[in-house]
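Chains, contacts and geometry: an overview
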Amino acid sequence: GNSVTQMEGPVTLSEEAFLTINCTYTATGYPSLFWYVQYPGEGLQLLLKATKADDKGSNKGFEATYRKETTSFHLEKGSVQVSDSAVYFCALGGSQGNLIFGKGTKLSVKP
Amino acid sequence: EPEVTQTPSHQVTQMGQEVILRCVPISNHLYFYWYRQILGQKVEFLVSFYNNEISEKSEIFDDQFSVERPDGSNFTLKIRSTKLEDSAMYFCASSPRFRPSGGNEQFFGPGTRLTVL
(Lines give C-alpha, C1' and ligand atoms only; values in the text may rest on other atoms or scores of the structure.)
Protein backbone atom coordinates (compact mmCIF):
# COMPACT_ATOMS: atom_id res chain seq x y z
CA GLY A 1 0.00 0.00 0.00
CA ASN A 2 0.91 3.67 -0.09
CA SER A 3 3.37 4.84 2.52
CA VAL A 4 5.78 7.63 3.42
CA THR A 5 9.18 7.39 5.06
CA GLN A 6 10.95 10.44 6.38
CA MET A 7 14.19 10.87 8.22
CA GLU A 8 14.19 10.42 11.94
CA GLY A 9 14.77 13.44 14.10
CA PRO A 10 15.43 15.42 16.00
CA VAL A 11 17.45 17.69 13.77
CA THR A 12 19.35 20.50 15.47
CA LEU A 13 20.85 23.30 13.41
CA SER A 14 22.35 26.70 13.98
CA GLU A 15 20.61 29.74 12.57
CA GLU A 16 21.37 30.32 8.85
CA ALA A 17 22.37 26.68 8.30
CA PHE A 18 21.11 24.70 5.31
CA LEU A 19 18.25 22.31 5.97
CA THR A 20 17.39 19.04 4.26
CA ILE A 21 14.71 16.69 5.55
CA ASN A 22 14.49 13.54 3.46
CA CYS A 23 11.18 12.02 2.44
CA THR A 24 10.56 9.04 0.19
CA TYR A 25 7.27 7.45 -0.72
CA THR A 26 5.74 4.27 -2.03
CA ALA A 27 2.58 4.66 -4.05
CA THR A 28 0.57 3.32 -6.92
CA GLY A 29 -0.13 5.99 -9.49
CA TYR A 30 1.01 9.57 -9.06
CA PRO A 31 -0.37 11.02 -5.86
CA SER A 32 0.01 14.60 -4.76
CA LEU A 33 2.75 15.20 -2.18
CA PHE A 34 2.70 17.60 0.75
CA TRP A 35 4.82 19.00 3.55
CA TYR A 36 2.95 20.02 6.67
CA VAL A 37 4.45 21.88 9.63
CA GLN A 38 3.35 21.86 13.25
CA TYR A 39 4.53 24.70 15.46
CA PRO A 40 4.40 24.14 19.22
CA GLY A 41 0.83 24.10 20.52
CA GLU A 42 -0.70 24.47 17.07
CA GLY A 43 -2.32 22.27 14.43
CA LEU A 44 -0.79 20.94 11.24
CA GLN A 45 -0.37 23.65 8.60
CA LEU A 46 0.23 23.06 4.93
CA LEU A 47 3.72 24.29 4.07
CA LEU A 48 3.88 23.35 0.41
CA LYS A 49 2.63 20.82 -2.10
CA ALA A 50 3.32 19.34 -5.54
CA THR A 51 0.71 17.61 -7.63
CA LYS A 52 2.76 15.97 -10.38
CA ALA A 53 6.24 14.78 -11.25
CA ASP A 54 8.94 17.49 -11.49
CA ASP A 55 6.68 20.04 -9.81
CA LYS A 56 8.45 22.18 -7.24
CA GLY A 57 6.47 23.38 -4.27
CA SER A 58 7.77 26.41 -2.39
CA ASN A 59 6.72 28.61 0.50
CA LYS A 60 8.47 30.76 3.13
CA GLY A 61 11.88 29.87 1.68
CA PHE A 62 11.22 26.13 1.82
CA GLU A 63 11.26 24.05 -1.36
CA ALA A 64 10.60 20.46 -2.35
CA THR A 65 10.64 18.84 -5.78
CA TYR A 66 8.47 15.85 -6.74
CA ARG A 67 11.00 13.29 -8.05
CA LYS A 68 9.28 10.33 -9.64
CA GLU A 69 12.53 8.55 -10.55
CA THR A 70 13.72 8.47 -6.95
CA THR A 71 10.23 8.54 -5.38
CA SER A 72 11.34 11.42 -3.19
CA PHE A 73 10.09 14.79 -2.00
CA HIS A 74 12.91 16.16 0.12
CA LEU A 75 12.35 19.43 1.99
CA GLU A 76 15.08 22.07 1.76
CA LYS A 77 15.72 25.57 3.01
CA GLY A 78 18.85 27.55 2.36
CA SER A 79 19.03 29.47 5.65
CA VAL A 80 16.93 28.43 8.63
CA GLN A 81 15.74 30.75 11.37
CA VAL A 82 14.90 30.14 15.02
CA SER A 83 11.25 30.62 14.08
CA ASP A 84 11.44 27.55 11.81
CA SER A 85 11.69 25.31 14.87
CA ALA A 86 8.77 22.91 14.52
CA VAL A 87 7.82 19.37 13.54
CA TYR A 88 7.70 18.74 9.78
CA PHE A 89 5.51 16.05 8.25
CA CYS A 90 5.77 14.65 4.74
CA ALA A 91 2.47 13.30 3.35
CA LEU A 92 0.93 11.89 0.21
CA GLY A 93 -2.65 12.07 -0.97
CA GLY A 94 -4.39 8.73 -0.70
CA SER A 95 -7.00 7.46 -3.11
CA GLN A 96 -9.64 7.78 -0.40
CA GLY A 97 -9.05 11.53 -0.20
CA ASN A 98 -7.13 11.06 3.03
CA LEU A 99 -3.54 12.03 3.69
CA ILE A 100 -0.88 9.42 4.47
CA PHE A 101 1.78 10.88 6.75
CA GLY A 102 5.34 10.17 7.67
CA LYS A 103 6.37 10.07 11.32
CA GLY A 104 7.42 13.69 11.45
CA THR A 105 10.84 15.26 11.95
CA LYS A 106 11.44 17.68 14.79
CA LEU A 107 13.66 20.61 13.86
CA SER A 108 15.32 22.78 16.48
CA VAL A 109 17.18 25.88 15.33
CA LYS A 110 19.58 27.48 17.80
CA PRO A 111 20.54 31.17 17.65
CA GLU B 1 -8.25 33.87 8.76
CA PRO B 2 -10.72 31.03 9.31
CA GLU B 3 -9.40 28.03 11.19
CA VAL B 4 -10.44 24.65 12.48
CA THR B 5 -10.96 24.55 16.24
CA GLN B 6 -11.05 21.57 18.58
CA THR B 7 -12.21 21.09 22.15
CA PRO B 8 -11.06 20.12 24.65
CA SER B 9 -7.33 20.51 24.18
CA HIS B 10 -6.71 17.70 26.67
CA GLN B 11 -9.11 15.00 27.86
CA VAL B 12 -8.34 12.52 30.59
CA THR B 13 -10.69 9.58 31.04
CA GLN B 14 -10.91 6.20 32.69
CA MET B 15 -10.77 3.01 30.63
CA GLY B 16 -14.25 1.94 29.56
CA GLN B 17 -15.69 5.45 29.61
CA GLU B 18 -17.18 7.18 26.60
CA VAL B 19 -15.56 10.33 25.25
CA ILE B 20 -16.68 12.85 22.67
CA LEU B 21 -14.12 14.99 20.92
CA ARG B 22 -15.43 18.11 19.27
CA CYS B 23 -14.36 20.01 16.20
CA VAL B 24 -15.63 23.08 14.40
CA PRO B 25 -14.48 22.90 10.76
CA ILE B 26 -14.07 25.94 8.54
CA SER B 27 -17.55 27.12 7.72
CA ASN B 28 -17.69 26.70 3.94
CA HIS B 29 -15.84 23.38 3.87
CA LEU B 30 -17.63 20.22 2.80
CA TYR B 31 -15.27 17.36 3.68
CA PHE B 32 -14.28 16.45 7.20
CA TYR B 33 -11.68 14.09 8.61
CA TRP B 34 -10.37 12.63 11.82
CA TYR B 35 -6.78 11.52 12.26
CA ARG B 36 -4.88 10.34 15.29
CA GLN B 37 -1.25 10.24 16.35
CA ILE B 38 -0.10 7.86 19.04
CA LEU B 39 2.95 9.30 20.78
CA GLY B 40 6.05 8.75 18.69
CA GLN B 41 4.15 7.23 15.78
CA LYS B 42 2.69 8.38 12.47
CA VAL B 43 -0.39 10.52 12.00
CA GLU B 44 -3.01 7.96 10.93
CA PHE B 45 -6.24 8.46 9.02
CA LEU B 46 -9.39 7.38 10.84
CA VAL B 47 -12.40 8.52 8.85
CA SER B 48 -13.70 10.96 6.27
CA PHE B 49 -17.20 12.44 6.21
CA TYR B 50 -19.18 14.14 3.51
CA ASN B 51 -22.82 15.01 3.00
CA ASN B 52 -23.72 13.72 6.46
CA GLU B 53 -22.28 10.28 6.02
CA ILE B 54 -18.99 8.45 6.27
CA SER B 55 -17.11 8.45 2.96
CA GLU B 56 -14.18 6.28 3.91
CA LYS B 57 -12.78 4.75 7.06
CA SER B 58 -9.60 2.96 8.00
CA GLU B 59 -9.31 -0.37 9.74
CA ILE B 60 -8.61 1.53 12.96
CA PHE B 61 -12.13 2.98 12.87
CA ASP B 62 -14.00 0.02 14.35
CA ASP B 63 -17.40 -0.21 16.02
CA GLN B 64 -16.14 1.65 19.07
CA PHE B 65 -15.85 4.82 17.01
CA SER B 66 -18.56 6.98 15.53
CA VAL B 67 -18.75 10.41 13.96
CA GLU B 68 -21.55 12.88 13.73
CA ARG B 69 -22.33 16.33 12.48
CA PRO B 70 -25.10 17.18 14.92
CA ASP B 71 -25.66 20.69 13.62
CA GLY B 72 -24.33 22.96 10.91
CA SER B 73 -21.05 23.67 12.61
CA ASN B 74 -19.83 20.87 14.89
CA PHE B 75 -18.19 17.60 13.86
CA THR B 76 -17.70 15.06 16.63
CA LEU B 77 -15.78 11.86 17.20
CA LYS B 78 -17.17 9.52 19.84
CA ILE B 79 -15.30 6.62 21.35
CA ARG B 80 -17.82 4.40 23.10
CA SER B 81 -15.67 2.47 25.53
CA THR B 82 -12.13 3.77 25.66
CA LYS B 83 -9.13 1.50 25.87
CA LEU B 84 -5.61 2.30 27.02
CA GLU B 85 -4.42 2.11 23.42
CA ASP B 86 -6.80 4.89 22.41
CA SER B 87 -4.48 7.35 24.15
CA ALA B 88 -3.30 9.64 21.36
CA MET B 89 -3.54 13.10 19.85
CA TYR B 90 -6.67 13.35 17.72
CA PHE B 91 -6.72 15.83 14.86
CA CYS B 92 -9.75 17.08 13.00
CA ALA B 93 -9.37 18.43 9.47
CA SER B 94 -11.60 19.93 6.82
CA SER B 95 -11.34 20.57 3.12
CA PRO B 96 -13.39 22.62 0.67
CA ARG B 97 -13.16 19.99 -2.06
CA PHE B 98 -12.25 16.43 -2.92
CA ARG B 99 -9.89 15.26 -5.63
CA PRO B 100 -9.68 11.50 -6.33
CA SER B 101 -5.95 11.83 -6.94
CA GLY B 102 -5.56 13.03 -3.37
CA GLY B 103 -4.55 16.55 -4.22
CA ASN B 104 -6.92 18.27 -1.86
CA GLU B 105 -5.47 20.51 0.80
CA GLN B 106 -6.74 19.77 4.28
CA PHE B 107 -6.87 22.30 7.11
CA PHE B 108 -6.11 20.90 10.53
CA GLY B 109 -7.13 21.82 14.04
CA PRO B 110 -4.66 21.96 16.95
CA GLY B 111 -5.66 18.53 18.20
CA THR B 112 -7.11 17.00 21.36
CA ARG B 113 -4.77 14.98 23.53
CA LEU B 114 -6.70 12.00 24.90
CA THR B 115 -5.26 10.17 27.87
CA VAL B 116 -6.93 6.94 28.94
CA LEU B 117 -6.02 5.74 32.43
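Remember, it's a predicted structure, so these values are computed and weren't measured experimentally. (Residues numbered from 1 in each chain as written. Chains lettered and ligands numbered in written order. Predicted model: local features only at pLDDT ≥ 70, side-chain atom pairs only at ≥ 80, totals over all residues. Heavy atoms only, no water.)

Section: the interface of chain B and chain A
With 24 residues of chain B at the contact, the number on the chain A side is 23 residues. Both sides of the chain B and chain A interface together cover about 1,800 Å² of buried area, and 53% of this is carbon and sulfur. Sorting the residues of chain B by area buried against chain A places K42, V43 and F108 of chain B first, and these three jointly supply 27% of that buried surface. Elements supplying a minimum of two residues to the side of chain B that touches chain A: β4 (31-37), β5 (43-50) and β6 (53-57) of chain B. Tallied by class, residues from the side of chain B that touches chain A come to nine nonpolar, ten polar and five charged. (Contact = heavy atoms within 4.5 Å. Buried area = accessible area lost by both parts, 1.4 Å probe. Helix = DSSP H or I, 4+ residues; strand = E, 2+ residues; numbered from the N terminus. Nonpolar A, V, L, I, M, F, W, Y, C, P; charged D, E, K, R; others polar.)

A short note on the side chain of Q6 of chain B
Residues and elements named next belong to chain B. One can find Q6 in strand β1 (residues 5-7). Under the relative-accessibility criterion, Q6 is labelled buried at 7%. The contact partners of Q6, leaving out residues within four places of it in the chain, are R22, C23, W34, Y90, F91, C92, G109, P110, G111 and T112. (Buried < 20%, exposed > 50% of the residue type's maximum accessible area, 1.4 Å probe, protein only.)

Considerations on the side chain of Q38 of chain A
Within the secondary structure, Q38 of chain A sits in strand β5 (residues 33-38). Apart from residues lying up to four places away in sequence, Q38 of chain A is in contact with G43, L44, A86, V87 and F89 of chain A together with F91 of chain B.

Observations regarding the pairing of β6 of chain B
Along any regular strand the residues' side chains alternate between the sheet's two faces. All names here are of chain B. Where β5 and β6 come together, four bridges link them in antiparallel fashion. Bridged to V47 within β6 is K57. Between β5 and β6, which pair antiparallel one after the other, the connecting turn spans two residues, and N51 there sits at a positive phi close to 55 degrees. (Pairing = 2+ DSSP bridges.)

Looking at the layout of surface pockets
Of the pockets and cavities examined, the largest pocket occupies roughly 360 Å³. Contributing to the lining of the largest pocket are 18 residues, with L44 and Q45 of chain A together with E3, V4 and F108 of chain B lying nearest its centre. Elements represented by at least two residues in the lining of the largest pocket include exactly β6 (44-50) of chain A together with β10 (107-108) of chain B. Ranked by residue count, the leading element in the lining of the largest pocket is β6 of chain A, at three residues. Among the residues forming the lining of the largest pocket, the class breakdown is eight nonpolar, six polar and four charged. (1 Å grid on protein atoms, 1.4 Å probe; cavity = no way out; pocket = protein on both sides within 12 Å on 5 of 7 lines; lining within 4 Å. Points joined across faces, edges and corners; volume = space filled by probe spheres on them.)

Concerning the nonpolar core
Counting 26 residues, the largest nonpolar core has W35, L47, L48, F73, L75 and Y88 of chain A as its most contacted members. Mapped by element, the contributors of at least two residues to this core are β2 (11-14), β3 (19-21), β4 (23-26), β5, β6, β8 (62-65), β10 (86-93) and β12 (105-110) of chain A. Counting residues per element, this core draws most heavily on β10 of chain A, at four residues. If we ignore the near neighbours within four places in the chain, the residues touching L75 of chain A are L19, T20, I21, W35, L47, L48, F62, E63, A64 and Y88 of chain A. Core analysis: the next-biggest nonpolar cluster, separate from the first, contains 23 residues, V19, I26, F49 and L114 of chain B among them. (Core = buried A, V, L, I, M, F, W, Y, C linked by side-chain atoms within 4.5 Å.)

Quick notes on the pattern of salt bridges
A side chain with one charge can pair with a side chain of the opposite charge if their charged atoms come near. For the structure on display, the rule yields four salt bridges over all chains. Residue K52 of chain A is joined to D55 of chain A by a salt bridge in which the shortest nitrogen-to-oxygen separation is 3.4 Å. (Salt bridge = Lys/Arg side-chain N within 4 Å of Asp/Glu carboxyl O.)

Quick notes on the environment of A88 of chain B
Residues and elements named next belong to chain B. With respect to the helices, strands and loops of the structure, A88 is situated in strand β9 (residues 88-95). For A88, a relative accessible area of 3% corresponds to the buried category. For the pair A88 and V43, spaced 45 residues apart in sequence, the C-alpha to C-alpha distance is 9.8 Å. Ignoring sequence-local partners within four residues, the contact set of A88 consists of R36, Q37, I38, T112, R113 and L114.

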